[in-house]
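# Structural description and commentary
Residue strings, one per chain:
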2 protein chains.
Amino acid sequence: MSETGEAGPARLEAWRERVEGCLAGWMDALAARPGCPPDLAEAMRYALLGGGKRLRPLLAMAAAEATGAEPGLALEAGCALELVHAYSLVHDDLPAMDDDDLRRGQPTCHRRFGEALAILAGDGLLSLAFEALARAFPDERAARAVGLLAAAAGPAGMVGGQADDVRPWDGRALPLAEVESIHLRKTACLLVAALELGALAARAGEPALLALGRAGRALGLAFQVADDVLSFTGDEASLGRPTTSDQARLRRLHPLLAGLPASRARGQALLAEARAALLPFGERAQALLSIVDRVQARLGA
Amino acid sequence: MSETGEAGPARLEAWRERVEGCLAGWMDALAARPGCPPDLAEAMRYALLGGGKRLRPLLAMAAAEATGAEPGLALEAGCALELVHAYSLVHDDLPAMDDDDLRRGQPTCHRRFGEALAILAGDGLLSLAFEALARAFPDERAARAVGLLAAAAGPAGMVGGQADDVRPWDGRALPLAEVESIHLRKTACLLVAALELGALAARAGEPALLALGRAGRALGLAFQVADDVLSFTGDEASLGRPTTSDQARLRRLHPLLAGLPASRARGQALLAEARAALLPFGERAQALLSIVDRVQARLGA
């Protein structure tokens, strides 16, 4: 495992390229599939391949490696999670939700393809995610894998967090506990699923799944705190998204509710929690730890 | 199997009540789930429990019976399909798609709960469907079951059919082959999945799955032809939906393109195809045949 040390960032970049290749391959296969309308395939490709950190697949691969397996074992499961992430962004950007015109500096899916096709592209990505996941676990693990992803993405997970997030504002500042509950469901649930599915792909035991799930929960919450800190301190250009949408989010911006120092402290505590949960994996958790470091850097502390 | 003859309709009604009970139970469990916002749970319940023929669960149960198994074995798999059906109706009704105000005589989900919550209720129902399906097949069959449903519901199936259906009209009448291709993906794919998943729940062999899939394809196409015939000959009250939406569908109304007698003949031919595919199952296919009879009655021929 000597190459996991200094070469960490380069390895993650190599993994990210494998992820891009896998996702592009899936979109090519989709476009060639009889019955899939060309414009729908194009809208899905646009939503999926427009860049992005690919955090969820990287986490899945890093989790597989942490349990002693070849990271590539978790590539397809991780890419299935990326389809879910892409679908959620398309639907979140819709006029009825956040009404965003830009995503990563490009027109959002509905601005480019129209609202109907954007809704359907999101729907299509979600179905395709489960199809890909079933293919990634073609054995007795499929039921558990699908159950994990569905719970993380569903009404008590990501969709539930988004429902609480788009609810019309009554003007009062949200309690911090409520903000973290939204963060937990909107973001952390899917990161937990990434780590658990990566471990499941590696056929790791239950204690490993539990520990990785804990790390994912803390990392996911820290990620959102860092995102809020960036929204608070950063500028539009560096985030690639308009400030207008963030204005509507003021009610739940962590630093505005807790104060910038307290937000950074909370982020630090969560990252410490994630690192502690990864301790049992020793050297093998290097890739995961370098992802923790990235969130640390976003936190700017 | 003597009770399957004359008592057919009563048996199907008893099955339908089991389906309602299962779906209501799922919605109760959802509302009690930590993290699921009450209004989201309510919107999902509203979309799911507002009536309906429950055709897909009935088909799954009837398919299980056709292969010699207890129909209840396919109850949960069938109900998972009903969640997919309910999600598709919520999204199809949205302003960006069919823009319908009424569904079965009641306000559509977005008219009742707002557009954001309706989009999320649909998203939630789709995730929940895969969760339920994974629970219905907690063994080595899960991967196949999930793959079947995802393909039927996804971009080369139902979502693809809807994308072709909402595309802005260039004024020309669609060729009949294109209309049937939309029918196939928008409706028949999910009926095929219902029959195949019912057979899978019953652990039927491959020849049974193949034959049932063929029957489902013909039945699904006939169902849509019958629906179009009803839209052409029926009135708003009897259909429980506004004629305005049907106006926008004129371009693909089967009887308008083929003529009413030819549409009825096509429907008849498809139903004969479905019956032929069911022949090998003999008496055990009684419930399936009585569903075929219902479509026949809708066809009014």
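Residues numbered from 1 in each chain as written. Chains lettered and ligands numbered in written order. Predicted model: local features only at pLDDT ≥ 70, side-chain atom pairs only at ≥ 80, totals over all residues.

### What about the overall build of chain A?
- Helix and strand content of chain A: 15 helices and two strands.
- What you see for chain A is a C-alpha radius of gyration of 19 Å, in line with the 19 Å of a compact globule of 301 residues.
- Projected onto the principal axes, the alpha-carbon positions of chain A cover approximately 55 × 50 × 35 Å.
- The buried share of chain A, reckoned over its 301 residues, is 55%.
- Across chain A, every contact between residues at least 6 apart in sequence was considered, and the portion connecting residues at least 24 apart equals 74%. (Helix = DSSP H or I, 4+ residues; strand = E, 2+ residues; numbered from the N terminus. Rg over C-alpha atoms; globule rule 2.2 N^0.38 Å. Buried ≥ 20, exposed ≤ 12 C-beta atoms within 10 Å, placed from the backbone. Contact = placed C-beta atoms within 7 Å.)

### Describing the relation of the copies chain B and chain A
- Between chain B and chain A, the superposition needs a rotation of 180° and an axial shift of 0.0 Å, giving an RMSD of 0.0 Å. In short, the pair behaves as if placed about a two-fold rotation axis. When C-alpha positions in chain B are compared against the rotation axis, the closest is assigned to Glu140 of chain B, at 2.2 Å.
- In this assembly the copies share their binding face: 100% of the residues contributing to the interface of chain B also contribute to that of chain A. (Least-squares fit on C-alpha atoms with pLDDT ≥ 70 in both.)

### Thoughts on the environment of Arg251 of chain B
- Mapping Arg251 of chain B onto the fold places it in the loop between α12 (243-247) and α13 (254-258).
- Those residues in contact with Arg251 of chain B that sit more than four places away from it in its chain are Trp169, Ala173 and Leu174 of chain B.

### Observations concerning helix α15 (residues 286-299) of chain B
Residue and element names in this part refer to chain B.
- Taking 1.5 Å of rise per residue, 14 residues should cover 20 Å, and α15 covers 20 Å from first to last C-alpha, within 8% of that figure.
- Three or more residues of α15 are buried, namely Gln286, Ala287, Leu288, Leu289, Ile291, Val292, Val295 and Leu299.
- Those residues of α15 hidden inside the fold are in contact with α1 (8-31), α3 (55-66), α10 (206-233) and α14 (260-278).
- Looking one or two residues beyond α15, the residue adopting positive phi is Gly300, at roughly 65°. (Expected span 1.5 Å × (residues − 1).)

### Thoughts on the packing of helix α2 (residues 38-48) of chain A against helix α6 (residues 115-136) of chain A
Residues and elements named next belong to chain A.
- Between α2 and α6, the least distance of the axes is 9 Å, while the angle of their chain directions is 75°. Considering their axes alone, α2 and α6 lie roughly perpendicular with respect to each other. Here α2 contributes Asp39, Leu40, Ala43, Met44, Ala47 and Leu48 to the contact with α6, which in turn contributes Leu117, Ala118, Leu120, Ala121, Gly124 and Leu125.
- A per-class count over the contact of α2 with α6 returns ten nonpolar, one polar and one charged. (Axes fitted to C-alpha atoms, helices over the stretch in contact; angles between N-to-C directions. Parallel < 35°, antiparallel > 145°, perpendicular 65-115°, else oblique. Nonpolar A, V, L, I, M, F, W, Y, C, P; charged D, E, K, R; others polar.)

### Re the packing of α1 of chain B against α3 of chain B
All names here are of chain B.
- For the pair α1 and α3, the least separation of the axes is 10 Å and the interaxial angle reads 115°. Both α1 and α3 take part in a crossing whose hand is right-handed. Residues Leu12, Trp15, Arg16 and Val19 of α1 touch α3, and the partners they reach there are Pro57, Leu58 and Met61.
- Residue composition of the contact of α1 with α3, grouped by class: six nonpolar, no polar and one charged. (Left-handed = near helix turned anticlockwise from the far one by under 90°.)

### Re the interface of chain B and chain A
- At the interface, 49 residues of chain B touch 49 residues of chain A.
- Elements with a contribution of two residues or more to the side of chain B that touches chain A: α2 (38-48), α6 (115-136), α7 (142-153) and α8 (158-166) of chain B.
- For the side of chain B that touches chain A, the leading source of residues is α6 of chain B, giving 14 residues.
- Its residues assigned to classes, the side of chain B that touches chain A comprises 31 nonpolar, nine polar and nine charged.

### Looking at the nonpolar core
- Counting 224 residues, the largest nonpolar core has Val146 of chain A together with Val146 of chain B as the members making the most contacts within it.
- Apart from the residues lying within four places of it in its own chain, the contact partners of Val146 of chain A are Phe130, Leu133 and Ala134 of chain A together with Phe130, Ala134, Ala142 and Val146 of chain B. (Core = buried A, V, L, I, M, F, W, Y, C linked by C-beta atoms within 7 Å.)

### Notes on the environment of Arg103 of chain A
- Note on placement: Arg103 of chain A falls in strand β1 (residues 102-103).
- Placed 65 residues apart in sequence, Arg103 of chain A and Pro38 of chain A show a C-alpha to C-alpha distance of 22 Å.

### Concerning the confidence of the model for chain A
Residues and elements named next belong to chain A.
- The pLDDT averaged across chain A works out to 91; a share of 92% of its residues lies at or above 70.
- Ignoring residues within four places in sequence, the model shows residues 1-6, a span with pLDDT below 50, making nine contacts including any to other chains.
- Throughout residues 240-244 the model reports pLDDT below 50, and contacts reaching past four residues in sequence, or to other chains, amount to ten contacts.
- For this predicted complex, the interface score ipTM comes out at 0.94, alongside a pTM of 0.95. (pLDDT = per-residue confidence, 0-100.)

### Side note on α3 of chain B
Residue and element names in this part refer to chain B.
- Given a rise of 1.5 Å per residue, twelve residues ought to cover 16 Å, and the 16 Å separating the end C-alpha atoms of α3 matches this to within 8%.
- In terms of burial, α3 is largely enclosed, as twelve of its twelve residues are buried.
- Of the positions making up α3, those classed as buried are Leu55, Arg56, Pro57, Leu58, Leu59, Ala60, Met61, Ala62, Ala63, Ala64, Glu65 and Ala66.

### Points about the environment of Gly35 of chain A
- Inspection of the secondary structure assignment puts Gly35 of chain A in the loop between α1 (8-31) and α2.
- Since 16 C-beta atoms lie within 10 Å of it, Gly35 of chain A is described here as partly exposed.
- Along the sequence, Gly35 of chain A and Leu221 of chain A sit 186 residues apart, while their C-alpha atoms lie 40 Å from each other.
- Sequence-distant contacts of Gly35 of chain A, defined by excluding residues within four places in its chain, comprise Ala156, Gly157, Gly160 and Arg185 of chain B.

### Focus: unusual backbone geometry
- At Arg203 of chain A, a position not held by glycine, the phi torsion is positive, near 55°.
- Position of Arg203 of chain A relative to the elements: it lies in the loop between α9 (176-201) and α10 (206-233).
- A count of 13 C-beta atoms within 10 Å places Arg203 of chain A in the partly exposed class.
- A positive phi angle, near 50°, is found at Asp99 of chain B, a position not held by glycine.
- Tracing the backbone shows Asp99 of chain B in the loop between α4 (75-92) and β1 (102-103).
- Overall, Asp99 of chain B belongs to the partly exposed group, with 14 C-beta atoms counted inside 10 Å.

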